Amino acid sequence: MRSSPDGASRGEIALDAISRVFGGGVIAVDQIDLNIRAGEFFTLLGPSGCGKTTLLRMIAGFETPDAGRIVISGREMQNVPAHLRAVNTVFQSYALFPHLSVAENIEFGLRMRRIASPDRKKRVDQIMALLQIDAFARRNPAQLSGGQRQRVALARALVNEPDVVLLDEPLSALDAKLRAELQVELMRMQKRLGMTFVFVTHDQHEALVMSDRMAVMERGRLLQVGPVLDVYEQPRSVFVAEFLGQSNIWKFASHTGNVAQTPIGDLVVATPIGTQRTAMIRPEKIWLYPEAEAPGDRPNLFPGTVREAIYQGAATHYHVELVGGAMILALDTNNQAAERSWGPGEKLVLELKPGNIMLIDG
Amino acid sequence: MAAIINAPQSGSAERAERLARAWRLWVTAGPGLVWIVLFLVLPSLVLLAIGFFSIGDYGNPHLPLTLTPIREVAGYSILGWSPANITTIARSLLQAISAAGLTILLAYPVVFFIIAQPAALRPLLLLFVILPSWTNQVVRTYAWMELLGPGSTLSHLAQTLGLLPSHLGLMPGILAMQIGLTYNYLPYMVVPLYAAAEKLDWSLVEAGRDLYASGSRLFWSAVFPQTIPGLLSGIILVAIPAFGDYVVPTLLGGGKSMMIGALIAAQFLQTPNWPYGAALTIFMLIFTGAGLWVFRVMSKRLGSAEGSML
């Protein structure tokens, strides 16, 4: 790891009680503390208007925090304007210079830093080869497809070898297939170059696929920060559980030991219940059985009737009405769809294994 | 059977459709076309023809046809060749170019000041720039005569500073003419530049800052290129009328700084020589036409043709 004088790693970001209030008293970012580690792929996930882009813009230097400190690579950023930060941004709209060719766009940052011409050319050629855009080096941005523009925007940031690369929903304008391709490519680039990537998205799937760690934001606050797996498997709030992936959520008023009295009936959970009053289970963690094959001797078995079956190729979503009338969403992988599938009106039994049920505060 | 019956029917439908299309074309484009032919194309052709006539007793066109007026434009007369015309054309051109240059220098700060204001205030500020051009040019130029003439405060100031002999004013002269042209044509630079600057893509400015540009380098790399379409339109709107301007050179320029507009007017009003005046006018038309064409090529090369007024 590359180190800076005071011991902090190059590419490390520390946000200390950062706030940003817009005119009219709208609090866009509300006292956020966050440490982003050097060399990690970090994602800020949240619905539009949650403050994630504002946070990113403050790291870039386009916005000034009203309170708090930003430290990048061990250096306080208070009085450092955007053009002096070792940070480069991939903009949502790409923001390529229309009057410059692809190669000139990529060269721009190096030229502004007065890097010598032969060195400049070498670095531009290298990054264009790496991103496979060398074939249209002489073209104008207007002549490129969305995916190509995206690569150019990425190359324009990466060629400067910044400590941190900021990406503001860079894939949102692309079609699904291209997006999937570029997701993989972005991850590969990041691992290969070892730079810190801070990625902003409202797409939970993108966040899950790409990040090492992520933060879920809502209304200017961080709800949960952690490795992707932790955030998905152990959401600490209803908002996180619902925003990241799909979930079945029940509030319960009373419990005895490790049995919660929920609207769908008594639910046995794996650990004793403390102060939590919400139970959650992901649709894919529900086991489905034909009526005849249901294991009779286990807890949390719920017979029900399929009301809707949504076939999605690899998996099928079942909206199941339980005996008491409550609806539950279950997902079944189609590894044996021919022998095992249910149509609307057909009966089945669901098993909510205690270990798969998460308890959430509030 | 069906085909035999259908064929003439579809033929007549097609003919009706063609008639309707011709009718629509004439109704929409017709009046304008008639206007242009009657008041632009025909007079220009008449003028072109007059340029090849001899001069009559009263300066009017007269037979036989001759190339004398054309030769006169090039500077040849019965007295031999004189550089006077070329000097006049060159001076007009120079005045037009420097008027365009000065309006550019003045318009950029004005435009960026205006777009820095709240959106609700901008139309009003723009109106302040445009408003004077709705009053008569002669009146406004007379005001400058007062401001710059002998005995004016500005002239006194120039005399005190030793820039001007004591009996003269800043007007008439080249300087006064330049001030008059710049003043008159400033709105024609501000408006197209404003149109370009208001559409400015600020994310490009952020991209420039993100990529280590600041100050003047940020302006030249991220802002200026976006205003080029407006700039080219402005240059055309200023330089072409300034090149042939008649009021300003006549009122502020004085006798020693003849411009092509005044030279042409003189051929019809003072020492009548219609064929020579016509030949000069045709020359000016061709000259400005060539200038426009050069600009068109330039703006196409800059890839900004769709944004400019060409």
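Predicted, not measured: the structure shown is a model, and the values here were computed from it. Residue numbers here run from 1 along each chain, matching the order of that chain's written sequence. Chain labels run from A onward and ligand labels from 1 onward, assigned in the order the entries are written. In view of the model being predicted, local features appear only for residues whose pLDDT reaches at least 70, and side-chain atom pairs are presented and counted only at 80 or more, with totals across whole chains, interfaces and linings using the full set of residues.

**Observations concerning unusual backbone geometry**
All names here are of chain A.
Turning to step 1, where the next piece is worked out: Of note, the phi angle at R114 is positive, near 60°, even though the residue is not glycine.
Turning to step 2, where the next piece is worked out: Put simply, DSSP H or I for four residues or longer makes a helix, DSSP E for two residues or longer makes a strand, and each gets a number counted from the N terminus. Among the structural elements, R114 can be located in the loop between α2 (102–112) and α3 (117–130).
Turning to step 3, where the next piece is worked out: Counting other C-beta atoms within 10 Å of each residue's C-beta, where C-beta atoms are placed from the backbone, gives the exposure class: buried for 20 or more, exposed for 12 or fewer, partly exposed between. Classification of R114 as exposed rests on a count of 8 C-beta atoms within 10 Å.
Turning to step 4, where the next piece is worked out: Even without glycine at this site, E169 takes up a positive phi of about 40°.
Turning to step 5, where the next piece is worked out: Relative to the helices and strands, E169 resides in the loop between β7 (164–168) and α5 (176–193).

**Section: helix α8 (residues 202–210) of chain B**
Turning to step 1, where the next piece is worked out: For α8(B), the set of buried residues is L204(B), A207(B), G208(B), R209(B) and D210(B).
Turning to step 2, where the next piece is worked out: Note on contacts: residues are paired as contacts if their backbone-placed C-beta atoms lie within 7 Å. Where α8(B) is buried, its residues meet α1 (52–60) and β6 (87–90) of chain A together with α9 (215–243) of chain B.
Turning to step 3, where the next piece is worked out: Of the residues one or two after α8(B), Y212(B) is the one with positive phi, at around 75°.

**What about the domain arrangement of chain B?**
Turning to step 1, where the next piece is worked out: Here the bounds of each domain stem from an automatic or database domain assignment. Considered domain by domain, chain B is made up of domain 1 (2–48) and domain 2 (88–309).
Turning to step 2, where the next piece is worked out: Centre-to-centre separation of domain 1 of chain B and domain 2 of chain B, based on C-alpha positions: 41 Å.

**Some thoughts on the domain arrangement of chain A**
Residue and element names in this part refer to chain A.
Turning to step 1, where the next piece is worked out: Per the domain assignment, the segments of chain A are domain 1 (13–242) and domain 2 (246–360).
Turning to step 2, where the next piece is worked out: Tallying the contact residues gives 7 residues for domain 1 and 6 residues for domain 2.
Turning to step 3, where the next piece is worked out: Just so you know the grouping, Ala, Val, Leu, Ile, Met, Phe, Trp, Tyr, Cys and Pro go in nonpolar, Asp, Glu, Lys and Arg go in charged, and all remaining residues, Gly too, go in polar. Here the residues of the side of domain 1 that touches domain 2 are counted per class, giving 3 nonpolar, 2 polar and 2 charged.

**Side note on the interface of chain A and chain B**
Turning to step 1, where the next piece is worked out: In this assembly, 17 residues from chain A lie in contact with 13 residues from chain B.
Turning to step 2, where the next piece is worked out: Elements supplying a minimum of two residues to the side of chain A that touches chain B: β6 and α2 of chain A.
Turning to step 3, where the next piece is worked out: Tallying contributions element by element places α2(A) first for the side of chain A that touches chain B, with 3 residues.
Turning to step 4, where the next piece is worked out: Split into classes, the residues belonging to the side of chain A that touches chain B amount to 9 nonpolar, 7 polar and 1 charged.

**What about the sheet that holds strand β21 (residues 358–360) of chain A?**
All names here are of chain A.
Turning to step 1, where the next piece is worked out: For two strands to count as paired, DSSP must find a minimum of two bridges between them. With respect to topology, 3 strands assemble into an open sheet ordered β11-β15-β21, the strand pairing being antiparallel. The open sheet has two edge strands, β11 (248–251) and β21, and neither has a second partner. On average, adjacent strands in this sheet sit at an angle of 25° to one another, irrespective of strand direction.
Turning to step 2, where the next piece is worked out: Note that β11 and strand β15 (residues 278–281) share 4 bridges and pair antiparallel. Counterpart to I249 in the pairing with β15 is M280. Note on geometry: axes are C-alpha line fits, over the in-contact stretch for helices, and angles between N-to-C directions span 0 to 180 degrees.

**Here's the deal with the environment of L131(A)**
All names here are of chain A.
Turning to step 1, where the next piece is worked out: Mapped onto the elements, L131 comes out in the loop between α3 and α4 (146–158).
Turning to step 2, where the next piece is worked out: When the 19 C-beta atoms within 10 Å are taken as the criterion, L131 is described as partly exposed.
Turning to step 3, where the next piece is worked out: Residues L131 and Q148 lie 17 residues apart in sequence; the distance between their C-alpha atoms is 9.5 Å.
Turning to step 4, where the next piece is worked out: Ignoring anything within four residues of it in the chain, the contact list for L131 reads R151, L154 and A155.

**Section: the sheet that holds strand β1 (residues 13–22) of chain A**
In a beta sheet, neighbouring strands pair by backbone hydrogen bonds and run either parallel or antiparallel.
Residues and elements named next belong to chain A.
Turning to step 1, where the next piece is worked out: The 4 strands lie next to each other as β2-β1-β4-β5, forming an open sheet whose pairing is antiparallel. Only two strands of the sheet have a single neighbouring strand rather than two, namely β2 (26–36) and β5 (75–76).
Turning to step 2, where the next piece is worked out: Sheet analysis places β1 next to strand β4 (residues 67–72), joined by 5 bridges and oriented antiparallel. Each bridged residue has a counterpart across the sheet, and for I13 the counterpart in β4 is I72.

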